[in-house]
Amino acid sequence: HSTVKNKLPMHGANLFPKEPSTLKTAVLTYLDKMTELGHRIMALIAIALDLDLRYFRERFTEEPLILFRIFSYPVASQNYTWGVGEHTD
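Keep in mind the model is a prediction, meaning the values are calculated, not measured. (Residues numbered from 1 in each chain as written. Predicted model: local features only at pLDDT ≥ 70, side-chain atom pairs only at ≥ 80, totals over all residues. Heavy atoms only, no water.)

### Examining the environment of Gly 12
Here's step 1: As for its placement among the helices and strands, Gly 12 is situated in the loop between helix H1 (2–5) and helix H2 (23–48).
Here's step 2: A residue is classified by how much of its surface remains accessible, and Gly 12, at 42% relative accessible area, is partly exposed. (Helix = DSSP H or I, 4+ residues; strand = E, 2+ residues; numbered from the N terminus. Buried < 20%, exposed > 50% of the residue type's maximum accessible area, 1.4 Å probe, protein only.)

### As for the packing of aromatic side chains
Here's step 1: All told, the structure shown has four aromatic pairs when counted by the stated rule.
Here's step 2: Between Phe 56 and Phe 60, the aromatic rings sit 6.3 Å apart at their centres with planes inclined by 40°, giving tilted as the arrangement. With Phe 56 and Phe 60 both in helix H3 (residues 55–61) and four residues apart, this pair spans about one turn of that helix.
Here's step 3: Under the relative-accessibility criterion, Phe 56 is labelled buried at 15%.
Here's step 4: According to the relative accessible area criterion, Phe 60 is exposed, its value standing at 58%.
Here's step 5: Here a set of aromatic residues connected by ring pairs shows up, and it is made of Tyr 55, Phe 56 and Phe 60. (Phe/Tyr/Trp six-rings, centres within 6.5 Å; stacked < 30°, edge-to-face > 60°.)

All quantities given are derived from atomic positions and should not be read as evidence of function.
Structure (structure tokens):
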């Protein structure tokens, strides 16, 4: 994709751990379903505004930037190699 070739920030390959082996398929399926849901909701909003069904998709949302992160919060006493440390919001 041109955004990856041009090294646009936030674009590129998704990184998945080897285990669980089904995680990649589950996440990508979920993201596809949620993206389609977003397109359907925007189509309904377009209809409610008396616009063409594809108004938003053709102008704004055809290729959405999806930010999705799964964090692992390991127990401090366990020896994990990756995860997210404590934080406050």
